[in-house]
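Examining the three-dimensional arrangement
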Amino acid sequence: MKIAVTSAGTQLESEVDPRFGRARYILIVDPETLAFEALDNSANVSAFQGSGISAATMVSDKGAEVLLTGYCGPKAYLTLDAAGIKVVSDISGTVMDAVNAFKNGKVTYATEANKDSHW
Amino acid sequence: MIISVASGKGGTGKTTVATNMALALGEKVELLDCDVEEPNAHLFLKPQITRTEKVETPIPLIDLEKCTACRKCSDICRFNAIAVVGKKVLVFPELCHSCGGCMVVCPEKAIVETGRELGTISYGHRNGIRFINGRLRVGEAMSPPLIRKVRAAADPERVTIIDAPPGTSCPVIAAMNGADFILMVTEPTPFGLHDLRLAVGAVRVLGIPCGLVVNRSDIGDQKVFAYAESEGLPILMTIPFDRRIAEIYSRGKAIVEEMPEWKERFVDLYRKIEALATSRSGASQCVK
Ligand code: SF4
Ligand code: SF4
């Protein structure tokens, strides 16, 4: 399986970017092999509205089943939910920390968005 | 003649000026309350409302039976109002700007038009003065389309007085664009001056002649007068701080009706506006 983690950089050692729609990068990681791909999210960072919606579409296209991030707004959440992607918010530390927490089952899936939309 | 009454911030007396000018001029005018997030001109004009109608903006509705999830619609929407994930198509009505692009590009004709309510428009009158206001639906974020609808209802045979929303953003521009004159209402306080500067900046972009009304003109630090002088902004009226005026306002009454001597002053204000709006020297006042 694959999981998506919002990241400030392109490496597993990078810090988690707390934002989803406007995250600098989104890393698509295989938690077993730790193989990963860094998606440049800069096009969405500069979108004036709906950045979370297009970031969610991108994550879905990459086949991720879970998203680990800091905050996820309501429209992004709806889009992820429609794509069948589970969301874990309030994640911090490095991407590797987040992947480990996920592997150890130390994460709680969100049942709703946790940040008011801003546009 | 279209006069837009604006102010950099709320609470400067913009609505007082707009309603009193309308009442002073009487039959030949109409008052358009374009402060659609908080319309309050009706509280002072007290018009009889004869008709209220809903205003909608078209948004897409997807027929999932016909949709092939080709993504042409989400690709063309620059507002991210449509998302295609897997086989599902999501529409975010509040992000849609009603451009119609998605409906045009859908190869399956799977998109039909439905509506999102923007708000309501009410029509009424008082002593021959025509009155129209717009009221944005609670939760609706886009006011410019509603403001444009209110303005589209204007009668070109009348003098149109627009009560514009406060501030300097898109809704204000929608209420000032195409006006013949912009009347800015301000107070001689540091806050008032700060917001006035921003508002004057916005008016200059539009290149419309403008002038000032200074309300509660004898309070504050008076710097607004020096500013107006340096910017070549004509001061067309000053309204002193007067306990009687404050009382009239708090009772929701019109100054021109309670203090008849003010009627002539508001008629005079209109005459000055008319002169400035029609002369070229007036046109240069706000276009540097
Ligand atoms: S009408 Fe325009 S803004 Fe609205 S969803 Fe379609 S393409 Fe996007
Ligand atoms: S363009 Fe039409 S067919 Fe293609 S995804 Fe959109 S609604 Fe479906």
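Scroll up for the structure.
Here's what I pulled together on the structure shown here.

Rules behind the numbers
Residues numbered from 1 in each chain as written. Chains lettered and ligands numbered in written order. Predicted model: local features only at pLDDT ≥ 70, side-chain atom pairs only at ≥ 80, totals over all residues. Heavy atoms only, no water. Phe/Tyr/Trp six-rings, centres within 6.5 Å; stacked < 30°, edge-to-face > 60°. Helix = DSSP H or I, 4+ residues; strand = E, 2+ residues; numbered from the N terminus. Buried < 20%, exposed > 50% of the residue type's maximum accessible area, 1.4 Å probe, protein only. Near = heavy atom within 4 Å. Nonpolar A, V, L, I, M, F, W, Y, C, P; charged D, E, K, R; others polar. Pairing = 2+ DSSP bridges. Axes fitted to C-alpha atoms, helices over the stretch in contact; angles between N-to-C directions. Contact = heavy atoms within 4.5 Å. Right-handed = clockwise from strand over helix to strand, strands pointing away.

1. A look at the packing of aromatic side chains
Residue and element names in this part refer to chain B.
- One pass over the full model with this rule turns up three aromatic pairs over all chains.
- Ring plane angle 25° and centroid distance 5.0 Å describe the contact between Phe-44 and Tyr-249, whose orientation is recorded as stacked. Here Phe-44, found in helix H2 (residues 41-45), pairs with Tyr-249, found in helix H9 (residues 243-250); they are 205 residues apart in sequence, far enough to count as distant.
- The class for Phe-44 is buried, based on a relative accessible area of 8%.
- Considering the side-chain rings of Trp-262 and Phe-266, the 6.2 Å spacing of their centres and the 45° angle between planes classify their relative orientation as tilted. In this pair, Trp-262 and Phe-266 both sit in helix H11 (residues 261-278), four residues apart, roughly one turn of the helix.

2. A short note on the site of ligand 1
- Taken together, the neighbourhood of ligand 1 is formed by Pro-60, Cys-77, Phe-79, Ala-81, Ile-82, Cys-96, His-97, Ser-98, Cys-99, Gly-100, Gly-101 and Cys-102 of chain B.
- Tallied by class, the residues present in the shell around ligand 1 amount to eight nonpolar, four polar and no charged.

3. Considerations on the sheet that holds strand S7 (residues 129-136) of chain B
Residues and elements named next belong to chain B.
- With mixed pairing, the nine strands of this open sheet are ordered in space as S3-S6-S7-S2-S8-S1-S9-S10-S11. Pairing within the sheet leaves two strands with one partner each, and these edge strands are strand S3 (48-62) and strand S11 (235-239). When strand polarity is set aside, the average angle formed by the axes of neighbouring strands in this sheet is 20°.
- Of the strand pairs in this sheet, strand S10 (residues 210-215) and S11 are connected by four bridges, and their pairing is parallel. Looking across to S11, one finds that Leu-212 is bridged to Ile-235.
- With respect to the sheet, H11 is in contact with strand S1 (2-6), strand S8 (159-163), strand S9 (181-186), S10 and S11, its orientation differing from that of S11 by roughly 160°.

4. Points about the pairing of S9 of chain B
Residues and elements named next belong to chain B.
- Counting buried positions along S9 yields six of six residues, so the element is predominantly enclosed.
- Both faces of S9 are covered, namely the face carrying Phe-181, Leu-183 and Val-185 and the face carrying Ile-182, Met-184 and Thr-186.
- Note that S1 and S9 share four bridges and pair parallel. Residue pairing in the sheet places Ile-3 in a bridge with Phe-181 of S9.
- Of the pairings in the sheet, the one linking S9 to S10 comprises five bridges and is parallel in character. Along S10, the bridge assignment pairs Leu-183 with Gly-211.
- Handedness of the S9-helix H7 (residues 190-206)-S10 crossover: right-handed.

These values are about where atoms sit, not about what they do.
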